[in-house]
Amino acid sequence: TRMRIAIAVLALLAGCARPSGQVQYGDTDSLLIEDVRIYPGAGSATVGPVTVVVEHGQIKAITTVVPRADSTRLNGRGRTLLPGLIDAHTHVAGSFASTWKPELPNAAANLERLLYAGITTVLDLGDPLSQLNDLRARVRRGELVGPDLYFSGPHFGPARGHPAAVVRLMLPWPLDWLVARAFSFQIETVEDVRAGLAAIERSGADVVKVTVDELPAGVPVLSEALLRETVAGAHRSGRRVFAHIGSVTDALHAIQAGVDVLAHSVYKHALTKGEVRQIAASGVTVISTVGVFDRTDELLNGRGVHSWTSLERELAAPETLHALAALPVETEIPAPMRRWLNVLAASRAAQVNNVVRLWAAGAPIAVGTDSAIAGWIPGASMHQELARLVDAGMPPWAVLQAATSGSAAALRRLDRGRIAPGYRADLVLVDGDPLREIRDTTQIVAVVRHGKLVHRNGPIY
């Protein structure tokens, strides 16, 4: 019901940041990862066996001669070392519980979930500035354990468009007004753009997010003039612009305005060959987030989620997963949102195929998840995103490259995403070989963040 959804959103806004304590940093930042094959974060092959030397947060050397050092040693035999995964589209303060049985979101535990799953850097796209500022400060001070956190703050979108329009459909007054203001700058004039950019500047947000998607159908999108004003202002401040888009019209509108990254691929329909070439030729990075649309369709189009991976079961309580198994029959979904869900159901194959075709045409690809939302669990969702892309025909090496150096490039964090001397020591050691079987990325033996071994002590509930 609308009231249950309202309760869920109130819980989101009041969410806590209480760590579980199940993920902790080790004391040493001197490591030897011995006799290991590595995927360096670029190219189509692994290297090794080699020994990777980590000191003071950086990769010092990759060698075939095992150094004699007083370091923590990890056995890499039969294993693969990957760069730390980078989730280029998250909502760390969100809740993955069902809206019909809501739970108070816990941003600190979500950060732990991400790191537990081998994700060492994230970009939050579209959440309240004050909450994100606090989380980032606590991560940097070591009060919270989690990946490096970067963020955009609220959407730059029209007052009667997405996300404000969706909020008003789903929530009663005056809660709709409060929530819309928290998640969107609601741009109507040039003065609104400048006020939003000033708030971004004061907060120290890393990027700007614009919304160019008719969601639900019939709502306005940012005018060309306001979109260009937002992009130009963001660029003057040195910030990249990430655009939420849905259709090819949205994508081309955003590209022509000068955005740097598409925060989703086209998800509403299949691209033509000409449209694929046009988007790829622009050089704009495309973030794959196909799994979130699959999961939303699966959950809200009445089927429920009946199969969970072992990693999902380590990161979510059994009762939370049980509640997601079926949509209650009395759940009310407004007609405009039901029409949007019908679009998702009809375009499931096109969504992932669009990403693969854009990659084949030479478009830069990054990987994100858009978690946490109902049924889509931070950390675990990244590995499912990788598997979906491979299942659709993208080579495992290309998927891993997109999730490491590709996402690093999208965030302009060029000190990470690769395994090479001088790079930041964000690493994931897994059993098996993900270049042969992508699902081996879930077989995590060890995670290293900025040179420190991460202790993964147990399930995070």
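Further up the page is the structure itself.
Residues numbered from 1 in each chain as written. Predicted model: local features only at pLDDT ≥ 70, side-chain atom pairs only at ≥ 80, totals over all residues. Heavy atoms only, no water.

Engineer: Explanation requested: the overall build of the protein chain in the structure shown.
Structural biologist: Looking only at helices and strands, one finds 16 helices and 17 strands in the protein chain. Here the protein chain has a C-alpha radius of gyration of 21 Å; the compact-globule value for 461 residues is 23 Å, and the two agree. C-alpha extents for the protein chain along the principal axes are approximately 65 × 45 × 40 Å. Looking at the protein chain residue by residue over its 461 residues, the buried ones come to 60%. Looking at the protein chain alone, contacts between residues at least 24 apart form 76% of all its contacts between residues at least 6 apart. Approximately 17,100 Å² of the protein chain is accessible, and the part contributed by carbon and sulfur atoms is 53%. If you average the places of the 46 positive and of the 44 negative side-chain charges in the protein chain, the two averages end up 2 Å apart. (Helix = DSSP H or I, 4+ residues; strand = E, 2+ residues; numbered from the N terminus. Rg over C-alpha atoms; globule rule 2.2 N^0.38 Å. Buried < 20%, exposed > 50% of the residue type's maximum accessible area, 1.4 Å probe, protein only. Contact = heavy atoms within 4.5 Å. Areas by Shrake-Rupley, 256 points an atom, 1.4 Å probe, with all protein chains shown as cover. Lys, Arg positive; Asp, Glu negative; His and termini not counted. Charge placed at Lys NZ, Arg CZ, Asp CG, Glu CD.)

Engineer: Honestly, the sheet that holds strand β12 (residues 261–262) in this entry has me stumped. Any pointers?
Structural biologist: Within a beta sheet, neighbouring strands are joined by backbone hydrogen bonds and run either parallel or antiparallel to one another. The 5 strands lie next to each other as β10-β11-β12-β13-β14, forming an open sheet whose pairing is parallel. Strands with a single pairing partner mark the edges of an open sheet, and in this sheet they are β10 (208–212) and β14 (365–367). Bridge count between β12 and strand β13 (residues 285–288): 2 bridges; the pairing is parallel. Its bridge partner being in β13, Leu-262 is matched across the sheet by Val-286. With respect to the sheet, helix α15 (residues 380–391) is in contact with β13 and β14, its orientation differing from that of β14 by roughly 140 degrees. (Pairing = 2+ DSSP bridges. Axes fitted to C-alpha atoms, helices over the stretch in contact; angles between N-to-C directions.)

Engineer: Help me out: how do you make sense of the sheet that holds strand β8 (residues 119–124) in this one?
Structural biologist: Strand order in the open sheet made by the 3 strands is β7-β8-β9, with parallel pairing throughout. On the outer flanks of this sheet lie β7 (85–90) and β9 (148–151), each paired with one strand and no other. Mean inter-strand twist for the sheet, computed between neighbouring axes without regard to direction, equals 15 degrees. Sheet topology note: the β7/β8 ladder contains 4 bridges and is parallel. When the sheet's bridge partners are listed, Ile-86 is paired in β8 with Thr-121. Here helix α16 (residues 396–411) sits on the sheet and contacts β7, β8 and β9; the angle it forms with β7, its principal contact strand, is near 50 degrees.

Engineer: What am I meant to see in the pairing of strand β17 (residues 452–456) here?
Structural biologist: If a strand is regular, its side chains alternate between the two faces of the sheet. As judged from the 3 bridges shared by strand β1 (residues 23–25) and β17, these two strands associate in the antiparallel manner. Residue pairing in the sheet places Gln-24 in a bridge with His-455 of β17. Both strand β16 (residues 444–449) and β17 contribute to a ladder of 3 bridges, which runs antiparallel. Its bridge partner being in β17, Val-448 is matched across the sheet by Leu-453. Counted along the chain from β16 to the antiparallel partner β17, the turn is 2 residues long, and its residue His-450 has a positive phi close to 50 degrees.

Engineer: Would you mind showing me how to read the packing of helix α10 (residues 290–300) against helix α14 (residues 348–360) here?
Structural biologist: When two helices pack together, you describe them by how their axes are tilted relative to each other and by the distance separating the axes. Close contact between α10 and α14 brings their axes to 9 Å; oriented N to C, the two are set at 175 degrees. Classified by the angle between their axes, α10 and α14 sit roughly antiparallel to one another. The residues of α14 that touch α10, namely those facing Val-290, Phe-293, Asp-294 and Asp-297, are Arg-348, Gln-351, Val-352 and Val-355. Of the residues contributing to the contact of α10 with α14, the split by class is 4 nonpolar, 1 polar and 3 charged. (Parallel < 35°, antiparallel > 145°, perpendicular 65-115°, else oblique. Nonpolar A, V, L, I, M, F, W, Y, C, P; charged D, E, K, R; others polar.)

Engineer: Sorry, what's going on with the side chain of Thr-120 here?
Structural biologist: Mapped onto the fold, Thr-120 is located in strand β8. Thr-120 gets classed as buried once you look at its relative accessible area, which sits at 0%. When near neighbours in sequence (up to four residues on either side) are disregarded, Thr-120 contacts Gly-84, Leu-85, Leu-115, Pro-147, Asp-148, Asp-426, Val-447, Val-448 and Arg-449.

Engineer: Can you help me understand the pairing of strand β2 (residues 30–38) in this one?
Structural biologist: β2 sits mainly inside the fold: 7 of its 9 residues count as buried. Bridge analysis of β2 against strand β3 (residues 47–55) gives 6 bridges, and the strand direction is antiparallel. Looking across to β3, one finds that Ile-33 is bridged to Val-52. In this structure, β2 lies alongside strand β5 (residues 72–75), joined through 4 bridges in parallel fashion. When the sheet's bridge partners are listed, Leu-32 is paired in β5 with Arg-73. Where β2 lies against strand β6 (residues 79–83), 2 bridges are found, and the strand directions are parallel. Residue pairing for β6: Ile-38 is matched across the bridge by Leu-81.

Engineer: I tried to follow the packing of aromatic side chains on my own but got confused; where do I start?
Structural biologist: Two numbers describe a pair of aromatic rings. These are the distance of the centres and the angle of the planes. On inspection of all chains with the given rule, the structure shows 4 aromatic pairs. Here Tyr-267 and Phe-293 contribute two aromatic rings whose centre-to-centre distance is 4.2 Å and whose plane-to-plane angle is 15 degrees, an arrangement assigned as stacked. Of this pair, Tyr-267 sits in the loop between β12 and α9 (273–282) while Phe-293 sits in helix α10, and the two are 26 residues apart along the sequence. When sorted by exposure, Tyr-267 lands in the same class as Phe-293, which is buried. With a centroid separation of 6.2 Å and an interplanar angle of 70 degrees, the aromatic rings of Trp-359 and Trp-397 are classed as edge-to-face. (Phe/Tyr/Trp six-rings, centres within 6.5 Å; stacked < 30°, edge-to-face > 60°.)

Engineer: Would you explain the nonpolar core in this entry?
Structural biologist: Proteins that are soluble and globular tend to have nonpolar side chains buried together. By size, the foremost hydrophobic cluster in this structure holds 72 residues, and its most contacted members are Val-210, Leu-262 and Ile-279. Sorting elements by how many residues they give to this core places helix α8 (residues 248–257) first, with 6 residues. Filtering out sequence-adjacent residues up to four positions away, Val-210 remains in contact with Phe-156, Leu-222, Leu-227, Thr-230, Val-241, Phe-242, Ala-243, His-244 and Val-259. Core analysis: the second largest hydrophobic core is formed by 27 residues, Trp-100, Ala-109, Leu-299 and Leu-324 among them. (Core = buried A, V, L, I, M, F, W, Y, C linked by side-chain atoms within 4.5 Å.)

Engineer: Honestly, the packing of α15 against α16 in this entry has me stumped. Any pointers?
Structural biologist: Closest axis-to-axis distance for the α15/α16 pair is 9 Å, and the angle between their directions is 145 degrees. The chirality of how α15 crosses α16 is right-handed. Contacts from Leu-386, Leu-389 and Val-390 in α15 reach Pro-396, Val-399, Leu-400 and Ala-403 in α16. (Left-handed = near helix turned anticlockwise from the far one by under 90°.)

Engineer: Is there a simple way to explain helix α3 (residues 129–140) in this structure?
Structural biologist: Since the α-helix packs 3.6 residues into each turn, any two residues three or four apart lie on the same face. Helix length check: α3 (12 residues) gives 16 Å between terminal C-alpha atoms against 16 Å at 1.5 Å per residue, within 8%. Looking at the residues trailing α3, positive phi occurs at Gly-142, about 85 degrees. (Expected span 1.5 Å × (residues − 1).)

Interpretation in functional terms is not warranted from these geometric data alone.
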